[in-house]
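A look at the structure
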Amino acid sequence: MTPLVRSVRSADTLTRDALAVLQPGFTGTTAPDWLLRRLGEGLVSVGLFGRNVADPAQLAALTGRLRAEREELIVAIDEEGGDVTRLEVRGGSSFPGNHALGAVDDTALTRAVARELGRRLADCGINLNWAPSADVNSNPGNPVIGVRSFGADPQLVARHTAAYVEGLQSAGVAACTKHFPGHGDTAVDSHHDLPRIAADLPTLRARELVPFRAAVAAGTRAVMSAHILLPALDGEHPATLSPAALHGLLRAPATEGGLGFEGLIVTDGMEMQAISATYGIERGSVLALAAGADAICVGGGLADEDIVLRLRDALVRAVRDGELPEQRLADAAARVRALAGRTRSADVGEGAAPAPGIGLTAARRALRLTAAGPYAPLAEPAYVAAFTPLANIAVGDETPWGVAAELARLLPGTETATCTAEAAAAAGTAALVDGLLTAAAGRRLVAVVRDVHRHPWMAEALRTLLAARPDTAVVEMGVPQAPPQGALHLATHGAARVCAQAAAEALTDRRVSPGE
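Residues numbered from 1 in each chain as written. Predicted model: local features only at pLDDT ≥ 70, side-chain atom pairs only at ≥ 80, totals over all residues. Heavy atoms only, no water.

1. What to know about the overall build of the chain
Short version of the rule: Under the scheme used here, helices are H or I runs from DSSP no shorter than 4 residues and strands are E runs no shorter than 2 residues, and both carry numbers assigned from the N terminus. Residue exposure (1.4 Å probe, protein chains only): buried if accessible area is under 20% of the type maximum, exposed if over 50%, otherwise partly exposed. By the convention used here, residues are in contact when the closest approach between their heavy atoms is within 4.5 Å. Accessible areas in this description were obtained via Shrake-Rupley with a 1.4 Å probe; residue shielding takes into account the shown protein chains only. The charged-residue count follows a simple rule in which Lys and Arg add positive charge and Asp and Glu add negative charge, with His and chain termini not counted at all. By convention, charge coordinates are those of NZ in Lys, CZ in Arg, CG in Asp, or CD in Glu.
Helices and strands together make up the secondary structure of the chain, namely 19 helices and 14 strands. Counting only C-alpha atoms and orienting by the principal axes, one finds that the chain spans roughly 90 × 45 × 45 Å. In the chain, which comprises 516 residues, the proportion classed as buried is 59%. Pairs at least 24 residues apart make up 77% of the contacts formed inside the chain by residues separated by at least 6 positions. Per element, the accessible surface of the chain, about 19000 Å² overall, is 53% carbon and sulfur. If the 47 positive side-chain charges of the chain are averaged to one point and the 57 negative ones to another, these points end up 3 Å apart.

2. With respect to the sheet that holds strand β6 (residues 222-225)
What counts here: Strands pair, by our definition, only if DSSP identifies at least two bridges between them.
Taken together, the 6 strands give an open sheet; going across it, the order is β2-β3-β4-β5-β6-β7, and neighbouring strands pair in parallel fashion. Each end of this open sheet is capped by a strand with a single partner; those strands are β2 (45-48) and β7 (264-266).

3. Brief notes about the pattern of salt bridges
Let me state the cut-off plainly: Between Lys or Arg on one side and Asp or Glu on the other, a salt bridge is scored when a side-chain nitrogen of the former is within 4 Å of a carboxyl oxygen of the latter.
Enumeration over the complete set of coordinates arrives at 32 salt bridges. In this structure, the salt-bridge partner of Asp105 is Arg159, at a minimum N-O distance of 2.9 Å. Of this pair, Asp105 sits in the loop between α4 (98-104) and α5 (107-123) while Arg159 sits in helix α6 (residues 154-170); the two residues are 54 residues apart in sequence, bridging distant segments of the chain. When its relative accessible area of 34% is taken as the criterion, Asp105 is described as partly exposed. One continuous salt-bridge network, built from bridges that share partners, spans Asp78, Glu80, Arg86, Arg148 and Lys178.

4. Section: the pairing of strand β5 (residues 174-180)
Filter applied, for reference: With the strands aimed away from the viewer, a crossover counts as right-handed if its path from the first strand over the helix to the second runs clockwise.
Burial runs high along β5: 7 of the 7 residues are buried. Here 2 bridges tie strand β4 (residues 128-129) to β5, and the two strands are oriented parallel to one another. Of the residues in β5, the one forming a bridge with Leu128 is Ala174. Assessed by its sense of winding, the connection that carries the chain from β4 through α6 to β5 is right-handed.

5. Some remarks on the packing of aromatic side chains
Test applied: Pairing of aromatic side chains requires ring centres within 6.5 Å, counting the rings of Phe and Tyr and the six-membered ring of Trp. Pairs whose planes differ by under 30 degrees are stacked, by over 60 edge-to-face, and all others tilted. Charges are assigned to positions over rings by a cutoff of 6 Å between ring centre and Lys NZ or Arg CZ, combined with an angular limit of 35 degrees from the ring normal.
Here the structure, examined in full by the defined rule, presents 4 aromatic pairs. Relative to Phe212, the ring of Phe180 has its centre 5.3 Å away and its plane inclined at 90°; by these criteria the two rings are edge-to-face. Note that Phe180 is positioned in strand β5 and Phe212 in helix α8 (residues 209-217), a separation of 32 residues in sequence. No difference in accessibility class separates Phe180 from Phe212, as the two residues are buried. Geometry around Tyr375 places Arg444 over its ring, the cationic atom sitting 5.0 Å from the centre.

6. As for the nonpolar core
Short version of the rule: As used in this record, nonpolar core signifies buried Ala, Val, Leu, Ile, Met, Phe, Trp, Tyr and Cys residues forming a set joined through side-chain atoms within 4.5 Å.
Ranked by size, the top nonpolar core spans 107 residues in total, and within it Leu22, Leu48, Leu66, Trp130, Phe180 and Val266 carry the most contacts. The leading source of residues in this core is helix α12 (residues 305-320), at 7 residues. Within the second largest apolar cluster, 29 residues are counted, among which are Tyr375, Ala473, Val475 and Val498.

7. Digging into the confidence of the model for the chain
Using the following cut-off: pLDDT measures how confident the predictor is about each residue, on a scale from 0 to 100.
This prediction gives the chain a mean pLDDT of 92; 94% of its residues lie at or above 70. A low-confidence stretch, residues 1-9 stays under pLDDT 50, and its non-local contacts, those more than four residues away or across chains, total 0 contacts. Note on residues 345-351: pLDDT is under 50 here. Beyond four places in sequence and across chains, it has 8 contacts.

8. As for the sheet that holds strand β13 (residues 473-476)
Rules: To get an axis, a line is fitted to the C-alpha atoms, and for a helix only the part in contact is used. The angle between two axes follows their N-to-C directions and goes from 0 to 180 degrees.
The mixed open sheet is built from 6 strands, whose spatial order is β9-β14-β13-β12-β10-β11. Edge positions in the open sheet fall to β9 (368-371) and β11 (415-419), since each of these has one partner strand only. On average, adjacent strands in this sheet sit at an angle of 20° to one another, irrespective of strand direction. In the sheet, β9 pairs with strand β14 (residues 488-491) via 4 bridges, with the strands oriented antiparallel. Residue pairing for β14: Ala371 is matched across the bridge by Leu488. Along the sheet, helix α18 (residues 456-468) makes contact with β10 (383-387), β11, β12 (445-449) and β13, crossing β12 at roughly 165°. Each of β9, β12, β13 and β14 is contacted by helix α19 (residues 497-508), which is oriented at about 160° to β14, the strand it contacts most.

Structure representation (structure tokens):
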């Protein structure tokens, strides 16, 4: 009977370890029974998304219910602030994103913003944030990073990444610096396909890796891998599945050319097409663990019990078949449990006083105005033309953007129209602009764009509009790569709600209370 008992006990340990390395999601604003049951069976992490959030009180109740089932629990969320927000997914963020903070280039401000963001997360029971993005936005055409990056200069990105990590973790929330080894030089969104970065190893070390070294030095508790192919490191596997990237570069000591990171390695979402379409989620998860990842992030698109069971069973099967060393799985599970225990007892420190206006303060400081000549502030209801690109998956299409709502608060009666690439193609640019001019009916015009340098249809429509109405104000809420245009050009460096508020204040020459 003794061998049988050992076998059952070993099987139970293996199953618990397989559950421990998963970071799944779920649907709804209350915890489903299956999730609570799996927490009792060994699950250590839960990922939250916008669909799980109604308000802070609901969120705190949800995380409290989860911890009633398992006290030492990692509750993670993708809350970058700026364009990527889950806490304020339906209203827009109270914090500007990285690009705005990089434009100000005040590390004390970045640290303060991250601390206040962390304080709000901690108040809701969240103890791991899949942020900050440490990507150097070296490719202006990048479709998925853009304003999520602090900028294009590696040293600037490094100092703000470190400040963000310090600020967030001073509030008792673990930082998960992403997307290692750097997603900034891509022209493809890894949600849809596998990006390839052609940079050689010296370039990688001098550019992409600089902010990650700074994050490690600042004590980041976690690092998230990227689903990107870097032939200079590994010509076959994307970084998430590459031993050369994770074990050989991220984990290896500095004396061996690595970053010497000893914390938790988390994968980016395994349901993203860069992995799932090529390897499948089960196979990809096995390869990621074998390569050195400790936690498998899944649940952004797949959020039910079935995916948890599929991945659990795939990992157990891989150990039994000899594809995944049992010790590698055990080590990964131990790292997850260690972070869960550490965050539970995290010392928030003293002086974590609320700073509710810090986000708006930062957004105001990030605003850059360029005037072609004298510009009279708006004093009466205006007409806003919002040239709207297709939202990338990281941002989502649920979070509002633009200046119309904030402008209407200051100038009631302000109206807006949304213009898309499809509308421009269907009607033609001239007809689209004629329609805007007719609808504006002589009112002052405000054109809102987002990454106009990446969208030829948008650039053409804006040129046509400005030719007809050169008194139009232009608000760029993406990366301000294109030359300023318009009677007044405002670069907000992001589309957060506070960025819109700062722009509306500038357009009207009115400043409102920073109260939330």
